[in-house]
Each structure stands twice: as structure tokens, then as C-alpha cells.
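# Commentary on secondary and tertiary structure
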Amino acid sequence: MTTIAELLREAEQRINCSDTTKLDAEILLCDVMQFNRSKIYAHPQQLIPDDKSVLFKSLIEQRRQGHPIAHLTGKKEFWSLELAVNEETLIPRPETECLVEAALLMIPDEESFNILDLGTGSGAIAIAIASERSNSTIVATDINPDALDMAKKNAASHALTNIKFLLSDWYKNIPSQSFDLIVSNPPYVKQDDKHLSQGDVRFEPELALVAGKDGMKAINIILENANGYLASDAFLLIEHGYDQKALVTHAFQIYGFKQIKTLQDLSGQDRVTYGQSSN
Ligand code: GLN
């Protein structure tokens, strides 16, 4: 048997792909042992059984090869909700909370909004909104049935019944109706972006990340068809890359939106643009 302190020391030396090696090792050990992080500080000399050490070391080896922490633990926190994740969807990111915040400001608590979340992936956005606005209903779509299964599982684990899941290539399978709000975190990375060969994104689905030469392919499809699904004066909110504000704003203008604005995420990067339908 080995102590917590020894296992962590060894692990930190092995992981060399991350600038958060200490934290990574601690999270993985806590995951294996079902410990709270305070436990490893309070009892560093506690012995860890051999079978758990072997499991921990195999996770450290995968982390060393670059696998995201969220894939190794199978979960990620978003909007203070624990979500299950796997290789089928993007790992929910803190910058997407900026879109949720903006959407919530547009949904009155007491009203029953009909909301559409295009390309829901793990369900992060739909689940965060549904958990905050129980009177509203959300239609959450994805083209990937495995992603949709994950999103359904996440909604069920938070006992949310106000989300309807629909397998759909953007708007294709959505029955005709008008929404009071449309939100989306679509793929928006350029196909030759150098970030695609760095860090966590190497292990995330290309389908959820990459959108043609300028990263605008999906955003254009969403904007081009949005007016057919928006109630009059309803808003559309889209997450995009830090350097896409001008392109996205221009696209909103082309498709006749008004009141177009861009919001920054917590790191001060342009991240979400919205506009109001002129229906
Ligand atoms: N924010 C992600 C990244 O930069 C991309 C997410 C997306 O394409 N929707 O890695």
C-alpha cells in the first residue's frame, strides 16, 4: 500500500502535459477514492489500497497522454450542476455560462417561454436554463443520437421534465412552431485552427467543434433559417469564437436582425452575439 502523499508526488512528476498537474492529480485521486479534496490535505499519510493505486496510476498515464480530466472522471460541472460527459459531446466550458446568463435575463421567471437549443451536445445550456425557469419549455436538438442520449441522461439526473429532445440536423426535424428564444453553442472553430492540435480539443468530437474554413458554416445555417422559427421580436443568442464578433454581427445584419449586441465572457473575450427578430 502507498500513502496519499506518495501517490500524489509520483503522479505530479509523471503528468507533464498540463499546467495544473497538482490539481489534476488531486482530482483524479479524489475521483478514484470518492474523497472530498479536504481529505487529502487532512490525511496525507493515509494508505491507499493497491487496487485503487493501480486504477489511479492508469488514469494518470492517460492524463499524461493528454486525455481531458472530464473524460477521465466522466463528469464536468456547469452552472453548478454536475453533468456526465463522454467523447460524443463537447466538454461544457465556463465561457458558455455567459450565454446562459444572457438568456436568463431574457426569460421572465413567471412566463412560459418556448425555447429552442440547437446542437445541445451534453445538454448543458438546455439543462441550466430549464433548472432556472421551470415554467418554460425547451426543445433541445442534436444531430448525434449518442450526444442526445447523454443530454437526456443529464436532464433525468437533475429531474428536469421541461426539456424535449429531438434528433435533428439544425432545423430539419423541428415541427413548425414559433419560439420565444433560440440559443446555440454551435461548432465555430476554423478547420485549420492550430488549437485543434492542442489540449483537450484533440479528444473532443470534430462535429461539435469545426465549422468550415472561417468557422461560420453552422452559424450561417442557424441565422439563415432562424426567422422561420422565431416569434415576433424574439431573440436569438449564439456563442462564437473570440475573434468572430465582426463576422457574426454582419451575418445577423444580413438576415435582418435588429438590436444586435455582443457580450464578453469572464475572461473579457467577445463570446456571445444576440439579435432580435424583425418578424
Ligand atoms: N470554445 C471551444 C474552443 O474554443 C469551441 C466550442 C465550439 O466550437 N462551440 O475550444
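The structure contained in this document is the topic of the report that follows. Values in this document were obtained by computation on a predicted structure and should not be read as measured data. (Residues numbered from 1 in each chain as written. Predicted model: local features only at pLDDT ≥ 70, side-chain atom pairs only at ≥ 80, totals over all residues. Heavy atoms only, no water.)

## Notes on the pattern of salt bridges
Defined as follows: The term salt bridge refers to a side-chain nitrogen of Lys or Arg lying within 4 Å of a carboxyl oxygen of Asp or Glu. In this description a helix means any DSSP run of H or I spanning at least four residues, a strand means any run of E spanning at least two, and both kinds are numbered starting from the N terminus. Relative accessibility decides the category of a residue: with a 1.4 Å probe and only protein chains considered, values under 20% of the type maximum give buried, values over 50% give exposed, and everything between is partly exposed.
For the coordinates displayed, the defined rule picks out 13 salt bridges. Ionic pairing is found between Glu 26 and Lys 22, a salt bridge with its closest N-O pair at 3.1 Å. Taken as a pair, Glu 26 and Lys 22 lie in helix α2 (residues 21-33) at a separation of 4 residues, close to a single helical turn. On the basis of relative accessible area, Lys 22 is assigned to the partly exposed category, the value being 42%. If you follow the salt bridges from partner to partner, you end up with Arg 14, Glu 61 and Arg 64 in one network.

## Quick look at helix α8 (residues 145-157)
Selection rule: Any helix carries an expected span of 1.5 Å times its number of residues minus one. Each direction from the helix axis to a C-beta atom contributes to the arc, which is the arc of those directions. The criterion used for residue contact is that any of the two residues' heavy atoms lie within 4.5 Å.
In a regular helix each residue adds 1.5 Å, so 13 residues correspond to 18 Å; α8 covers 18 Å between its end C-alpha atoms and thus fits that length. Of all the residues in α8, the buried ones are Ala 147, Leu 148, Met 150, Ala 151, Asn 154 and Ala 155. Here the buried residues of α8 occupy an arc of 160° about the axis, which is enough to place them on one side. In α8, the exposed residues that point more than 90 degrees away from the buried face are Lys 153, Ala 156 and Ser 157. Contacts made by the buried residues of α8 are with β4 (81-84), α7 (124-132), β6 (137-142) and β7 (163-167). In the segment just after α8, Ala 159 is the residue with positive phi, at about 55°.

## Structural notes on the site of the ligand
Selection criterion: What makes a residue near a molecule or strand is one non-hydrogen atom of that residue sitting within 4 Å of it. In protein, a polar contact requires one atom able to donate a hydrogen and another able to accept it; more generally it is a pair of N or O atoms within 3.5 Å, and residues adjacent in sequence count only if both atoms are side-chain atoms. Where accessible areas are quoted, they stem from the Shrake-Rupley method and a 1.4 Å probe; at the residue level, only the protein chains shown are allowed to cover. Ten residue types, Ala, Val, Leu, Ile, Met, Phe, Trp, Tyr, Cys and Pro, are classed as nonpolar, four, Asp, Glu, Lys and Arg, as charged, and the remainder, Gly among them, as polar.
Residues in close proximity to the ligand include Leu 90, Arg 93, Glu 95, Asn 185, Pro 186, Pro 187, Tyr 188, Val 189, Val 201, Ala 208 and Leu 209, which together make up its full environment. One of the side-chain N or O atoms of Tyr 188 is found 2.9 Å from a nitrogen atom in the ligand. Considering the ligand on its own, with 290 Å² of exposed area, one finds that the protein chains cover 85% of that surface. Tallied by class, residues from the shell around the ligand come to 8 nonpolar, 1 polar and 2 charged.

## Some details on the nonpolar core
The condition is simple: Side-chain atoms within 4.5 Å link the members of a nonpolar core, which is a set of buried Ala, Val, Leu, Ile, Met, Phe, Trp, Tyr and Cys residues.
Among the nonpolar cores identified, the biggest contains 32 residues, and Val 100, Ile 129, Ile 163, Leu 181, Val 183 and Leu 237 are the most heavily contacted of them. Put simply, the parts of the chain that give this core at least two residues each are β4, α6 (97-106), α7, β6, β8 (179-184), β9 (230-239) and β11 (270-276). Apart from the residues within four sequence positions on either side, Val 100 is in contact with Phe 78, Trp 79, Ile 125, Ala 128 and Ile 129. Counting 31 residues, the second-largest nonpolar core is a separate cluster that includes Val 139, Ile 174, Tyr 188 and Ile 238.

## Here's the deal with the packing of aromatic side chains
Filter applied, for reference: Centres within 6.5 Å are what make two rings of Phe, Tyr or Trp a pair, Trp counting through its six-membered ring; a difference in plane orientation under 30 degrees is then read as stacked, over 60 as edge-to-face, and the rest as tilted.
Within the structure shown, the criterion is met by 3 aromatic pairs. Arranged with centres 5.6 Å apart and planes meeting at 75°, the rings of Phe 235 and Tyr 274 form a pair that is edge-to-face. Linking Phe 235 in strand β9 with Tyr 274 in strand β11, this pair joins segments that are 39 residues apart in sequence. Per residue, the accessibility class of Phe 235 equals that of Tyr 274, and both read buried. Each ring, one from Phe 252 and one from Phe 257, has its centre 5.1 Å from the other, and the planes form 70°; the classification is edge-to-face.

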